[in-house]
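Residue-level structural notes
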Amino acid sequence: MAVTSYLRSLERSRLARARVDRPAVFTMCGREWDLLPDVFAPIYSPSTGAALEFLGLGEPHGLPRAGSFLEIGCGTGIIAVSAALAGCDRVVATDVNPAAVANAAANAARHGVGDRLTATHSDLFDQLDQRERFDVIFWSSNYVAAPAGYEYKNAHERAYVDPGYRTHRRFLAEAPSRLTAGGVILLHFSTRGDMAGLLRGAEENGQSLRVLRTAVIQEGDVSVEHMLIEVAGVSM
């Protein structure tokens, strides 16, 4: 089955969700993290680790940084919490899955950053204050394209596939209006995704995509190239 097959990704979702050895707490980057049921589990996929490395957040004592950080699709909140621990003074973590929002809040409390990290139930930017702006907007996307008519069977599948690339097109269209002056939009993507579809979405908005970093990772029987992409070209 092709690496880009949505059926393959849905099977990966099913297996990760149903594993009998799925832990309630796991370790990553030298820290322990809560993992709630029905939330994307970073230990069963290399994508979270790749994203942490791309953003320079993979070390427990990474370089401090400042400013505001918005993570779309936060899952367990590892990336958002790590950004707060690295020095970001305002972090917002959103997810369309309510269980993921609760998970991110729990991990913010676990690591003592609840005072500067807000976990919000939101489909992309829908539930954010219209006045909020961020220095960094980051999304480790559900980059596998599913047919436009596919209907999710559960919230967990949303982390794996995007029917008709609707969410990607919305992200590209809406993210620029949420940036501060000089802010950046960063997207974690891979060769499991539909790069042609992503490029079409960017072109619709007059945007350009620039690959900042790459890493080739062995995922089971296939090699997958992960990418950190900057979305540029539109100022609001």
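Preceding block: the structure.
Now for a description of the structure that goes with this document. (Residues numbered from 1 in each chain as written. Predicted model: local features only at pLDDT ≥ 70, side-chain atom pairs only at ≥ 80, totals over all residues. Heavy atoms only, no water.)

**Brief notes about the sheet that holds strand β6 (residues 134-140)**
What counts here: Pairing between two strands requires that DSSP report at least two bridges joining them. Put simply, DSSP H or I for four residues or longer makes a helix, DSSP E for two residues or longer makes a strand, and each gets a number counted from the N terminus. A fitted line through C-alpha atoms represents every axis, and for helices the fit uses only the stretch in contact; the resulting angles, taken between N-to-C directions, go from 0 to 180 degrees. Two residues form a contact once any of their heavy atoms are found within 4.5 Å.
Judged by pairing direction, the sheet is mixed, and its seven strands sit side by side in the order β5-β4-β3-β6-β9-β11-β10 without closing on themselves. Each edge of the sheet is formed by a strand with only one pairing partner; in this case those strands are β5 (117-121) and β10 (208-219). Averaged over all pairs of adjacent strands, the angle between their axes in this sheet comes to 15 degrees, without regard to strand direction. Pairing between β6 and strand β9 (residues 179-190): six bridges, direction parallel. Bridging across to β9, isoleucine 137 finds its partner in isoleucine 185. Sheet strands in contact with helix α4 (residues 98-110) are β4 (90-95) and β5, and its direction is about 170 degrees off that of β5.

**Looking at the layout of surface pockets**
Applied cut-off: The definitions used throughout rest on a 1 Å grid laid over the protein atoms alone, on which a cavity is an enclosed set of points accommodating a 1.4 Å probe that cannot get out and a pocket is an open set flanked by protein within 12 Å on both sides along at least five of seven lines; lining residues are those having an atom within 4 Å of a point. Grid points are joined across faces, edges and corners, and a volume is the space filled by probe spheres set on the points. Gly falls in the polar group here, along with every residue not listed as nonpolar (Ala, Val, Leu, Ile, Met, Phe, Trp, Tyr, Cys, Pro) or charged (Asp, Glu, Lys, Arg).
When its volume is computed, the largest pocket comes out at roughly 760 Å³. What lines the largest pocket is a set of 48 residues, among which Trp139, Ser140, Asn142, Arg158 and Ala159 lie closest to the centre. Only α1 (6-18), α2 (47-54), β3 (68-72), α3 (78-85), β4, β6, β8 (161-163) and α5 (166-174) provide two or more residues apiece to the lining of the largest pocket. Considered class by class, the residues forming the lining of the largest pocket number 20 nonpolar, 17 polar and eleven charged.

**A closer look at the nonpolar core**
If you look at soluble globular proteins, the nonpolar side chains tend to sit buried side by side. To keep things clear, this is the line we draw: Side-chain atoms within 4.5 Å are what join buried Ala, Val, Leu, Ile, Met, Phe, Trp, Tyr and Cys residues into a set we call a nonpolar core. Relative accessibility decides the category of a residue: with a 1.4 Å probe and only protein chains considered, values under 20% of the type maximum give buried, values over 50% give exposed, and everything between is partly exposed.
Within the largest apolar cluster, 33 residues are counted, with the highest numbers of intra-cluster contacts made by Leu55, Leu57, Phe69, Ile79, Val91, Leu117 and Phe138. Breaking this core down by element, the ones donating at least two residues are β1 (25-28), α2, α3, β4 and α4. With six residues, the top contributor of residues to this core is α3. What phenylalanine 138 contacts, discounting residues up to four positions off in sequence, is Ala51, Leu55, Phe69, Leu70, Glu71, Ile72, Ile79, Leu186, His188 and Leu228.

**Digging into the packing of aromatic side chains**
The following threshold applies: Aromatic rings from Phe, Tyr and Trp, with only the six-membered ring used for Trp, were paired whenever their centres fell within 6.5 Å, and each pair was classed as stacked if the ring planes differed by under 30 degrees, edge-to-face if by over 60, and tilted otherwise.
Counted according to the given criterion, the structure contains six aromatic pairs. A ring pair is formed by phenylalanine 40 and tyrosine 160, whose centres lie 5.5 Å apart and whose planes are at 55 degrees; its orientation type is tilted. One end of the pair, phenylalanine 40, is in the loop between β2 (31-34) and α2; the other, tyrosine 160, is in the loop between β7 (144-146) and β8, and 120 residues separate them in sequence. Among the aromatic side chains, those forming a connected cluster through ring pairs are Tyr6, Tyr150 and Tyr152.

**Overview of the pairing of β6**
For β6, the buried fraction is high: five of the seven residues fall into the buried class. Where β3 meets β6, four bridges bridge the pair, whose relative direction is parallel. The partner of phenylalanine 69 across the bridge, within β6, is valine 136.

**So, α5**
Rules: Here, the arc refers to the directions that run from the helix axis to the C-beta atoms.
Those residues of α5 lying buried are Thr167, His168, Phe171 and Leu172. For α5, the angular spread of buried residues about the axis comes to 135 degrees, placing them on one side. Here the buried face of α5 lies against β3, β6, β8, β9, α6 (195-204) and β11 (222-232).

**Details of the environment of glutamine 127**
Looking at the secondary structure, you find glutamine 127 in the loop between β5 and β6. When the C-alpha atoms of glutamine 127 and serine 140 are compared, they prove to be 19 Å apart, with 13 residues separating the residues in sequence. Setting aside chain neighbours within four positions, we find glutamine 127 in contact with Thr120, His121 and Ser122.

**So, the packing of α2 against α3**
Just so we agree on the cut-off: If an angle is under 35 degrees, it is roughly parallel; if it is over 145, roughly antiparallel; if it lies from 65 to 115, roughly perpendicular; otherwise it is oblique. If you view the pair so one helix is near and one far, a crossing is left-handed when the near helix is turned anticlockwise from the far one by less than a right angle, and right-handed when it is turned clockwise.
At their nearest, the axes of α2 and α3 sit 10 Å apart, and the two run at 25 degrees to each other. Considering the angle they form, α2 stands roughly parallel to α3. Pair α2 / α3 crosses with right-handed handedness. Listed contacts from α3 to Thr48, Ala51 and Leu52 of α2 are Ile78, Ile79 and Ser82. Here the residues of the contact of α2 with α3 sort into four nonpolar, two polar and no charged.

**Describing the pairing of β1**
Along any regular strand the residues' side chains alternate between the sheet's two faces. Here β1 shows a clear split, with Phe26 and Met28 buried on one side and none of Val25 and Thr27 buried on the other. Judged from the four bridges that link them, β1 and β2 form a sheet pairing that is antiparallel. Along β2, the bridge assignment pairs valine 25 with aspartate 34. Linking β1 back to β2 in an antiparallel pair, the connection comprises two residues, with cysteine 29 at a positive phi of about 55 degrees.

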